[in-house]
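# Examining the three-dimensional arrangement
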Amino acid sequence: MEEILNDNVLGDELEKFEKKYNAELRLGPVSTTTQFEYAWCMVRSEFKSDMKRGILLLEDLFAKHPEGRRDYLYYLAIGHARLQEYSESLKHAQAFLEIEPNNQQVIALEQMVKKRMEIEGIKGVAKATGAALVVGGILGLGLALLKK
């Protein structure tokens, strides 16, 4: 599962689907398939702005095409995980599991996201503790200087 969260689309592939998407857009409505392919490429981009745009395209598909909601939920969960928006990722994974509770791929994704949340939480606590120690040290030094 780690590989899918770290997979980056190749520039040529993204460009190919972007051209296809824009060509269809100029002629009228974009097909569901083209929008999905482009969104999936965007979610796998190395740039956060692309990932966010891919998520918006997937959300649009989710709202307009109920027949593909299961797939859109999965890729929305991946996109949010790649952006480190873990709560959103879990929300989509859990919605997917309501549709298909035994899907091992989504269960693995959910576990990976929870693990990353735990790691990030630990890092956050360490940063907060470190900051508190620095502030405490500065205050202690200031008080010591005042006493002199």
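As shown above, the structure is provided for reference.
Residues numbered from 1 in each chain as written. Predicted model: local features only at pLDDT ≥ 70, side-chain atom pairs only at ≥ 80, totals over all residues. Heavy atoms only, no water.

### Focus: the overall build of the protein
Helix and strand content of the protein: seven helices and zero strands. For the protein, the residues scored as buried account for 35% of the 148 residues in total. Taking contacts inside the protein between residues at least 6 apart in sequence as the whole, the part at least 24 apart equals 55%. By element, 59% of the accessible surface of the protein is carried by carbon and sulfur atoms, the whole surface being about 9200 Å². (Helix = DSSP H or I, 4+ residues; strand = E, 2+ residues; numbered from the N terminus. Buried < 20%, exposed > 50% of the residue type's maximum accessible area, 1.4 Å probe, protein only. Contact = heavy atoms within 4.5 Å. Areas by Shrake-Rupley, 256 points an atom, 1.4 Å probe, with all protein chains shown as cover.)

### A few points about the nonpolar core
If you look at the biggest cluster of nonpolar residues, it comprises 36 residues, and the most contacted ones within it are Leu 5, Tyr 38, Leu 58, Tyr 74, Ile 78 and Leu 109. Secondary structure elements with two or more residues in this core: helix H1 (2–6), helix H2 (11–27), helix H3 (32–43), helix H4 (48–64), helix H5 (69–82), helix H6 (86–99) and helix H7 (104–147). For this core, the element with the most residues is H5, which contributes eight residues. (Core = buried A, V, L, I, M, F, W, Y, C linked by side-chain atoms within 4.5 Å.)

### A word on the packing of aromatic side chains
The final tally for this structure, using the stated rule, is six aromatic pairs. Note on Tyr 74 and Tyr 75: the rings are 5.0 Å apart at their centroids and 75 degrees apart in plane angle, and the pair reads as edge-to-face. Pair check on accessibility: Tyr 74 and Tyr 75 agree, each one buried. Linked through ring pairs, Phe 36, Trp 40, Tyr 72, Tyr 74, Tyr 75 and Phe 96 together constitute an aromatic cluster. Its guanidinium or amino end placed over the ring of Phe 62, Arg 69 lies 4.7 Å from that ring's centre, counting from NZ or CZ. (Phe/Tyr/Trp six-rings, centres within 6.5 Å; stacked < 30°, edge-to-face > 60°. Lys NZ or Arg CZ within 6 Å of the ring centre and 35° of its normal.)

### Looking at the packing of H2 against H3
As a packed pair, H2 and H3 sit with axes 9 Å apart at the nearest point and diverge in direction by 145 degrees. Pair H2 / H3 crosses with left-handed handedness. Here H2 contributes Glu 13, Leu 14, Phe 17, Glu 18, Lys 20, Tyr 21 and Glu 24 to the contact with H3, which in turn contributes Thr 34, Gln 35, Glu 37, Tyr 38, Cys 41 and Met 42. When the residues that make up the contact of H2 with H3 are grouped by side-chain class, the tally is six nonpolar, two polar and five charged. (Axes fitted to C-alpha atoms, helices over the stretch in contact; angles between N-to-C directions. Left-handed = near helix turned anticlockwise from the far one by under 90°. Nonpolar A, V, L, I, M, F, W, Y, C, P; charged D, E, K, R; others polar.)

### Details of unusual backbone geometry
Positioned with a positive phi, Gln 84 is a non-glycine residue whose angle comes to about 65 degrees. Secondary-structure assignment places Gln 84 in the loop between H5 and H6. Judged by relative accessible area, which is 47%, Gln 84 ranks as partly exposed.

### Observations concerning H5
Taking 1.5 Å of rise per residue, the 14 residues of H5 would be expected to cover 20 Å, and the 20 Å separating its terminal C-alpha atoms lies within 8% of that figure. In terms of burial, H5 is a largely internal element, eleven of the 14 residues being buried. Within the sequence span of H5, burial applies to Tyr 72, Leu 73, Tyr 74, Tyr 75, Leu 76, Ala 77, Ile 78, Gly 79, His 80, Ala 81 and Arg 82. Positive backbone phi, approximately 65 degrees, marks Gln 84, located one or two places after H5. (Expected span 1.5 Å × (residues − 1).)

### Some words on H4
Here H4 spans 24 Å end to end across 17 residues, near enough to the 24 Å set by a 1.5 Å rise per residue. The elements touched by buried residues of H4 are H2, H3 and H5.

### Description of the side chain of Arg 44
If you trace the backbone, Arg 44 turns up in the loop between H3 and H4. With a relative accessible area of 8%, Arg 44 lands in the buried category. Arg 44 has contacts with Asp 7, Asn 8, Val 9, Glu 13 and Arg 82, leaving out every residue within four places of it along the chain.

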